[in-house]
Number of protein chains: 2
Amino acid sequence: MIYICDSCRFLFSRAAEPEQCPDCGKYTVRRATPLEQREYQARLQGGLTGPAAKENPYDNPAFFIKYAQMDRSRQGLSAAGEWHVLEPLLPPFAGQRVLDLGCGYGWHCRYAADHGAAQVVGTDISRRMLQTAEERNAGEVIEYRCAAMEELSFPDGSFDIVLSSLALHYVCDFTPLVERISRWLRPAGTFLFSVEHPVFTACGSQDWEYDGKGQIRHFPVDRYYCEGSREAVFLGERITKYHRTLTTYLETLLRCGFALRHVVEPQPPEEMLELPGMRDELRRPMMLIVSAVRV
Amino acid sequence: MIYICDSCRFLFSRAAEPEQCPDCGKYTVRRATPLEQREYQARLQGGLTGPAAKENPYDNPAFFIKYAQMDRSRQGLSAAGEWHVLEPLLPPFAGQRVLDLGCGYGWHCRYAADHGAAQVVGTDISRRMLQTAEERNAGEVIEYRCAAMEELSFPDGSFDIVLSSLALHYVCDFTPLVERISRWLRPAGTFLFSVEHPVFTACGSQDWEYDGKGQIRHFPVDRYYCEGSREAVFLGERITKYHRTLTTYLETLLRCGFALRHVVEPQPPEEMLELPGMRDELRRPMMLIVSAVRV
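Note that this is a predicted model, so its numbers are computed, not measured.

Student: Help me understand the sheet that holds strand β8 (residues 185-196) of chain B, please; the structure alone is not making it clear to me.
Tutor: Hydrogen bonds between backbone atoms are what pair the strands of a sheet, whose relative direction is either parallel or antiparallel. Residues and elements named next belong to chain B. Taken in spatial order, the 7 strands make up an open sheet running β6-β5-β4-β7-β8-β14-β13, and their pairing is mixed. On the outer flanks of this sheet lie β6 (142-146) and β13 (258-264), each paired with one strand and no other. When the angles between neighbouring strand axes are averaged without regard to direction, this sheet yields 15 degrees. Of the pairings in the sheet, the one linking β13 to strand β14 (residues 287-294) comprises 6 bridges and is antiparallel in character. Looking across to β14, one finds that V263 is bridged to V290.

Given below as structure tokens:
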């Protein structure tokens, strides 16, 4: 049986349920969920590195509070540096059934509803995020559902459009998820997502290389072909993300019956270039946006 | 009128033909070709950086001799680290009309002919490369033609397959070339190419970042969104290549009427990992292979 400690996220195997975590010693051990069990198996098989995935940092109060201060959290879509690239790639929503995986505060759900979607399902693993979504971005056609996207289940052909904004890099197993998304979509349905760019996730630190005076020298790439978990610091908290190559992102889509419509690495818009640090974002790609259609 | 110096490759404009190069002083000035003239115009408009493109380093004797020593030059396709990925992506050649842009020694032309191609046109800007191609990889259905690929012209629908191996990063203007390739191909024809990966070309130096002991620390990425020429050292010679983003490669194909079939970043094969430096190639992507079909 696989167990996990809710305090330190240590994943381990025992014949009988232990009282204490063998790593941190706290009494916060429970049986691992199916997702956590798969993570444990993947780690055993050497496909992953680093400690157990903290797959839901957004319910960590310290993280949640800091996330809430970000421009994109306070001001919504238009404050996101990639929105000017993402918005023109969105399909028409009128009358469509939309699924948003990792919907967070629900900004994209609200946008779809405001643009005539017939039904919007927003899912997120974080209860705190969904509470905010319910408060700020509720709507008659919108339903928010708390679940890990790897554990969702829908009848075939349930949706016309599947969206996911900056969430898929928290998912360990990409292929089974894309297979399921392909089935959830009707033929000719759209799957549009943004993720952190493989250049950005490869090394793990997600930080620049600096010279002795603290000036940026360049952005480091390493371990590119070593796919798996990476520990980065985001908003001052340690957070686990999964690095995948560009090959894996695109070939998985092609293999699962998608045709690629757009593959875009968004640059910050001209009017944001004077914001602190924004001009440096011209030096490396940080995000990847992919639009695909189920053939 | 635009002139170029054949010694130092200085590109400049004069009302009357000068005797000496205003840069190096040598008497090796001639009128610029249309391609060189376009390069000059592009530089004037600020679209490019660095000195004038040496678009044909392969006719530089020192470079040519060193290139001839490389495993891939001496042993052909099977000695190229990406061949095990490229070969399975090749379309069936039987009865097909094939164009190979930047064919070099003609290894791919010979492969196509050996696999039943009805007609193979191999083009390269370097006379020296084509001499070797004629010596080593001649064939009844193969015709070698010395030309810059930007200056080629064929009737619409002339080819079933267009190949290009590690040559398109020497081309300044990608879009007009892809537009022409799209016209040269019959509908449902295949365009398959490899290029140096945007991660590899972004910075310019194409070298690792080392620590004080000469050990590799990581691979640097910089100036990613600043497309244009880069001066790198390859086989000890300075050489100009053109950096383009992944977005530009893929979106240009999509815009020019291609459907993407494969986008693969090849890793070295297991059996080559013990060759000097090869294991480091797992730390960064060096090449990009794209297979596309004209819709």
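Having seen it, we continue.
Student: Would you explain the packing of aromatic side chains in this entry?
Tutor: In this description, a pair of aromatic rings is defined by centroid distance and the angle of the planes. The tally for this structure, following the rule as stated, stands at 38 aromatic pairs over all chains. Measuring from ring centre to ring centre gives 6.4 Å for A:F63 and A:Y67, while their planes differ by 20 degrees; the resulting arrangement is stacked. With A:F63 and A:Y67 both in helix α2 (residues 61-69) and 4 residues apart, this pair spans about one turn of that helix. Accessibility assignment for this pair places A:F63 and A:Y67 in one class, buried. When the ring of B:F191 is compared with that of B:F193, the centres are 4.9 Å apart and the planes differ by 35 degrees; the resulting orientation is tilted. Take B:F191 and B:F193: they sit in the same class, and that class is buried. The rings of A:Y58, A:F63, A:F64, A:Y67, A:Y105, A:Y170 and A:F234 are connected pair by pair, giving a single aromatic cluster. If you follow A:R128 out to its NZ or CZ, it ends over the ring of A:F64, 5.9 Å from the centre. Its end group placed over the ring of B:F234, B:K241 keeps NZ or CZ at 5.0 Å from the ring centre.

Student: Would you explain the pattern of salt bridges in this entry?
Tutor: Close approach of charged atoms lets side chains of opposite charge pair. Inspection of the entire model under this criterion finds 30 salt bridges over all chains. For A:E82, the salt bridge is made with A:R72, and the minimal N-O distance between the two is 2.9 Å. One end of the pair, A:E82, is in the loop between α3 (71-75) and α4 (83-89); the other, A:R72, is in helix α3, with 10 residues separating them in the sequence. What makes A:E82 buried here is its relative accessible area of 3%. Notably, a salt bridge pairs A:E274 with A:R279, separated by 2.5 Å at the nearest N-O pair. Among the charged side chains, a network of salt bridges with common partners joins A:E209, A:R217, B:E209 and B:R217.

Student: What is the right way to look at the interface of chain B and chain A in this model?
Tutor: A common way to state how big an interface is: give the accessible area lost once the parts meet. At the junction of the two partners, chain B supplies 32 residues and chain A supplies 32 residues. Of the roughly 2800 Å² buried at the junction of chain B and chain A (both faces included), carbon and sulfur atoms supply 50%. For chain B, the biggest contributors to the area lost against chain A are B:V221, B:Y225 and B:E265; these three give 25% of the whole. Where chain B packs against chain A, one counts 4 salt bridges. Residue B:D222 is joined to A:R283 by a salt bridge in which the shortest nitrogen-to-oxygen separation is 2.7 Å. Along the contact surface separating chain B from chain A lie 27 residue pairs in polar contact (both at pLDDT 80 or more). Contributions of two or more residues to the side of chain B that touches chain A are made by β10 (216-221), α9 (246-255) and β13 of chain B. Residues of the side of chain B that touches chain A, tallied by class, amount to 17 nonpolar, 5 polar and 10 charged. In this structure, strand β10 (residues 216-221) of chain A lies alongside β10(B), joined through 3 bridges in antiparallel fashion. Bridge pairing in β10(B) links A:V221 to B:F219.

The rules behind the values
Residues numbered from 1 in each chain as written. Chains lettered and ligands numbered in written order. Predicted model: local features only at pLDDT ≥ 70, side-chain atom pairs only at ≥ 80, totals over all residues. Heavy atoms only, no water. Pairing = 2+ DSSP bridges. Helix = DSSP H or I, 4+ residues; strand = E, 2+ residues; numbered from the N terminus. Axes fitted to C-alpha atoms, helices over the stretch in contact; angles between N-to-C directions. Phe/Tyr/Trp six-rings, centres within 6.5 Å; stacked < 30°, edge-to-face > 60°. Buried < 20%, exposed > 50% of the residue type's maximum accessible area, 1.4 Å probe, protein only. Lys NZ or Arg CZ within 6 Å of the ring centre and 35° of its normal. Salt bridge = Lys/Arg side-chain N within 4 Å of Asp/Glu carboxyl O. Contact = heavy atoms within 4.5 Å. Buried area = accessible area lost by both parts, 1.4 Å probe. Polar contact = N/O pair within 3.5 Å; in protein donor to acceptor, adjacent residues only side chain to side chain. Nonpolar A, V, L, I, M, F, W, Y, C, P; charged D, E, K, R; others polar.

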